[in-house]
Amino acid sequence: MGEMQVDKIGASPCIGRRAVVVGAALALSTGALGFFTRHASQQTRSSQTSIVTYPAAVQLTSFDYMLDTLAFRTRNGEHPKLIYGSSELAPDLAGPAHPALLLTNGRYAIDMMTMGRAGTADLWAAIEMGAMAPQVRDRRMVFFVSMQWFLSYRNPGKEFPGVFSEGAYQAFMTNPYISTELKGWITDRMAEYGIDRRSGSSPIRALVEAVDGYAASLSSDLREEAGADPAAAPGAQTTPLRAVTAPLTAEEEAAQPKTVAGDPDWPFIFAAALADARSRSGGNNLGFYDDWYKKKFKTWEKGAKKSWRRQADGEYFSRQELDDFKMLLEVCHEAGITPLVVIQPVKGAAYDQTIYTCDVRRQYYDMIRGAMSEAGVSFADFSDREYDPFFLRDYSHPSDLGGAYYSRAIYSWFTTGKADTSKIS
């Protein structure tokens, strides 16, 4: 890892995209800029009626907002645990057994707080996990690694700027346990992906950072003052907020069944999830949810066959992304984070029609397992579920059944120290 470089201020892509916002902000008086001061954490969010199960981009890119959400859910009596990943974290299309829905509202010993959405990958997660580490008492987090990040069509220069959080980066850089060398490596990689922070500060950049850092918290505050739910935002997925001590309706009991010991009733959850996955994929013999299969499968298959190619170096999987993944594991090591890495499968029946055949995919799984073994990191390996017809609802996202497997692995790891990945009979 190299030392941090310092260059002259360049035309950062994020500054260009925010020109209108900055121009408007510059028109404000100096005193008006105080309106952007962080104060969401001081509010009770009395009008909040839902929990964010999949954050909108405006929420995810505000470190303040995510911190406030963690604090709010803790005040509500939950025991929120951070779960990082990308689009597989979206629960609404999967079903009620997805961890973002099942493990909420203090029903069980732990609750899930999703950190990620479509477009986030290893570098983004490394920054966010390093930034959040001081806020998590036991420093245990879950990370879903995705094969899609490593494929030939990856485009971090397009994806990363859209999910980058200035507040998280600043918190990462001030984490005293992360070495200067690693911070420099992160900063250099960010520049390669379109966010250049190697240069010094400037009045314009400082204002851009303020707008970035407080936009979602400000939006939350304004919604609170207007009597609207501060958790709601375009693109966010939510579930109703319930007091931990509130009695459950019969429907709520069925969605979150509980044993006498207080744990999730896994036999009931798996039976319901399998029945749900079967019913939603009855129109095809591959286990795809029918709605996706009818509307999108042929287009996906045609596009994959036509455009997926080996990378310029002849490799099937990105070495750059592998370096980012290893860097994430190093961030965890230095920041004192104990991660559980979840290895997700892809739909074998779909990927076999592309250049990423079974033998090629095996190279990816071996590569990821090797990196984790070298780092001494625990993982929950679901790569053997590629041909389970009901595990995934499309080419890579979990069905209700897949969500149940993920939920059990996460819950068992947090409560027993070992992730249960065993197959149901």
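Look up a bit, the structure's there.
Keep in mind it's a predicted model, so treat the numbers as computed, not measured.

Asker: An account of helix α12 (residues 266–279) is needed here, citing residue identities and associated values.
Answerer: Each turn of an α-helix holds 3.6 residues, which means side chains three or four residues apart point in the same direction. Over its 14 residues, α12 runs 20 Å from end to end, which matches the ideal 20 Å to within 8%, given 1.5 Å per residue. The complete set of buried residues in α12 reads Trp266, Ile269, Phe270, Ala273, Asp276 and Ala277. All buried residues of α12 lie within an arc of 130° about the axis, which places them on one face of the element. Of the residues in α12, the exposed ones pointing more than 90 degrees away from the buried face are Pro267 and Ser279.

Asker: For helix α4 (residues 63–75), give the residues involved together with the corresponding values.
Answerer: Relative to the 18 Å expected for 13 residues at 1.5 Å per residue, α4 spans 18 Å between its end C-alpha atoms, a close match to the ideal helical length. Judged by how many residues are buried, α4 sits mostly within the fold: 10 of 13 residues are covered. Considered for burial, the residues of α4 that qualify are Phe63, Asp64, Tyr65, Met66, Leu67, Asp68, Thr69, Leu70, Phe72 and Arg73. Backbone geometry just after α4 places Gly77 at a positive phi near 100°.

Asker: Let's hear about the pairing of strand β1 (residues 50–54): which residues, and what values?
Answerer: In terms of burial, β1 is largely enclosed, as five of its five residues are buried. By the bridge criterion, four bridges tie β1 to strand β5 (residues 237–240) in an arrangement that is antiparallel. When the sheet's bridge partners are listed, Ser50 is paired in β5 with Pro240.

Asker: Account for the packing of α4 against helix α6 (residues 122–132), naming residues and giving values.
Answerer: Angle between the axes and distance between the axes: these two values describe a pair of packed helices. Closest axis-to-axis distance for the α4/α6 pair is 12 Å, and the angle between their directions is 50°. In terms of axis orientation, α4 runs oblique to α6. With respect to the hand of their crossing, α4 and α6 are arranged in right-handed fashion. Along the contact surface, α4 presents Phe63, Met66, Leu67 and Leu70, while α6 presents Glu128, Ala131 and Met132. Grouping the constituent residues of the contact of α4 with α6 by class yields six nonpolar, no polar and one charged.

Parameters and conventions
- Residues numbered from 1 in each chain as written.
- Predicted model: local features only at pLDDT ≥ 70, side-chain atom pairs only at ≥ 80, totals over all residues.
- Heavy atoms only, no water.
- Helix = DSSP H or I, 4+ residues; strand = E, 2+ residues; numbered from the N terminus.
- Expected span 1.5 Å × (residues − 1).
- Buried < 20%, exposed > 50% of the residue type's maximum accessible area, 1.4 Å probe, protein only.
- Arc of directions from axis to C-beta.
- Pairing = 2+ DSSP bridges.
- Axes fitted to C-alpha atoms, helices over the stretch in contact; angles between N-to-C directions.
- Parallel < 35°, antiparallel > 145°, perpendicular 65-115°, else oblique.
- Left-handed = near helix turned anticlockwise from the far one by under 90°.
- Contact = heavy atoms within 4.5 Å.
- Nonpolar A, V, L, I, M, F, W, Y, C, P; charged D, E, K, R; others polar.

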